[in-house]
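Coordinates in review
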Amino acid sequence: KKEMTPHAIIQGNNIDVLKQLHLIYDNKIGLIYIDPPYNRGDDFRFYKDDMLHDDWVKSMNKVLEELSPFLEDDASIWISIDDSGMAYLKVCCDSVFGRENFVSTIVWQKRTSRENRKSFSNNHEYILVYAKDIKKFKKKRKLLPPTEELLKRYKNPDNDPRGDWQSITLSVQAGHAVNSQFYTIVSPTGKRHDPPQGRCWIYNQDRMLKEIEAGNIWFGTDGNAVPRLKKFLHASKVGIVPETLWTSEFAGTTEIAKKELLDLKIYDDIVFDTPKPEILIYRIMQIATNPKDIVMDCFGGSGTTASVAHKFGRNYICIDASSDAIKHTEARMNKVCSGESGGVSELVNWIGGGNFTIIE
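Residues numbered from 1 in each chain as written. Predicted model: local features only at pLDDT ≥ 70, side-chain atom pairs only at ≥ 80, totals over all residues. Heavy atoms only, no water.

Concerning the packing of aromatic side chains
Counted by the stated rule, this structure contains 7 aromatic pairs. Consider the rings of Phe97 and Tyr130, whose centres lie 5.9 Å apart with planes at 35 degrees: the pair is tilted. Of this pair, Phe97 sits in helix α3 (residues 83-97) while Tyr130 sits in strand β7 (residues 124-131), and the two are 33 residues apart along the sequence. Note on Tyr130: relative accessible area 0%, which makes it buried. With a centroid separation of 4.9 Å and an interplanar angle of 75 degrees, the aromatic rings of Tyr282 and Phe312 are classed as edge-to-face. In this pair, Tyr282 sits in helix α9 (residues 278-288) while Phe312 sits in the loop between α10 (304-311) and β17 (315-320), placing the two residues 30 residues apart along the sequence. Summarising the burial analysis for this pair, Tyr282 and Phe312 share the class buried. The rings of Trp78, Trp246 and Phe250 are connected pair by pair, giving a single aromatic cluster. When the ring centre of Tyr203 is taken as reference, the NZ or CZ atom of Arg207 above it lies at 4.1 Å. (Phe/Tyr/Trp six-rings, centres within 6.5 Å; stacked < 30°, edge-to-face > 60°. Helix = DSSP H or I, 4+ residues; strand = E, 2+ residues; numbered from the N terminus. Buried < 20%, exposed > 50% of the residue type's maximum accessible area, 1.4 Å probe, protein only. Lys NZ or Arg CZ within 6 Å of the ring centre and 35° of its normal.)

Notes on the packing of helix α1 (residues 14-25) against helix α2 (residues 53-67)
Running from N to C, α1 and α2 cross one another at 15 degrees; their axes reach a closest spacing of 10 Å. Relative to α2, the element α1 is oriented roughly parallel. Seen from above, α1 lies across α2 with left-handed handedness. Judged by residue contacts, Asn14, Ile15, Leu18, Lys19 and His22 of α1 engage Lys62, Val63, Glu66 and Leu67 from α2. (Axes fitted to C-alpha atoms, helices over the stretch in contact; angles between N-to-C directions. Parallel < 35°, antiparallel > 145°, perpendicular 65-115°, else oblique. Left-handed = near helix turned anticlockwise from the far one by under 90°. Contact = heavy atoms within 4.5 Å.)

So, α3
The terminal C-alpha atoms of α3 lie 21 Å apart, and with 15 residues this matches the ideal 21 Å at 1.5 Å per residue to within 8%. After α3 finishes, the residue Gly98 shows a positive phi value of roughly 95 degrees. (Expected span 1.5 Å × (residues − 1).)

Written as structure tokens, this is what we have:
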């Protein structure tokens, strides 16, 4: 039951490898991300994607059942897929993880150019997100860093020594209100304010008077405006709730991913046909992980999950059956440890360091 290095690249059939890892890592994985074959009938350089549909469904179901026990109670699994397989894969996930633990479907803008050879220009893919326990995942889920636009909402017009703040409403819907939430607020200038029709104050009168005395209620620059609560930046959990539409500006594109691989100079002119950009995987880890979490990927491919996890201070176990893929991932991770500057390196202030182990 000895634990491996927290930075492991493993060559082998994913089912066989996962079976051997259960004794060590069940209930210890903070995030699983996989980018499985989409079953489109393609014959790529690094793998074949030509299974019969029913066989593909059975294969995916088997992988998901093998992965499920690894998840910690607040962990999640994120799965990339396209139009052709999304509906079938979601049914598999519902069966394995439970429909009640379905979190969301991310729509990722994988390309910005137009495809003119088909009936529609297919510019997106999906990421299915499931939790081990959706209630616990909601507590773990991180907000994204605030934008400049969001931070600009915080100002300090009254020179409050506590710093910048924004005002928020003091009233709520009155559906479940109690009598103590209906009263008149008198401003410092003597102006009287009752809650709007159908609403009540968020505090009872005693609490409201204490908040006014503490300088936490804003009546406008002239003291006559409708009272609002001051929400201070220093005491706020400022961030953005993740959305389900991930644009190319937010999460990169396939073309960006291919350039990242070519810039590493570990491939010839032919790289993975459908790689994921580092920024896409980084966004997932931003939302779904804590520092030192173990991230698992049993379709390791070009090594993007390992690269981002290493740079972002997460532990990782990545598996792939292809010796060619493992060889290129090893070369990529050597460059990562040496401080390569591509992908999300600048975003996370990566300067190099650490090590990893290749296991056959």
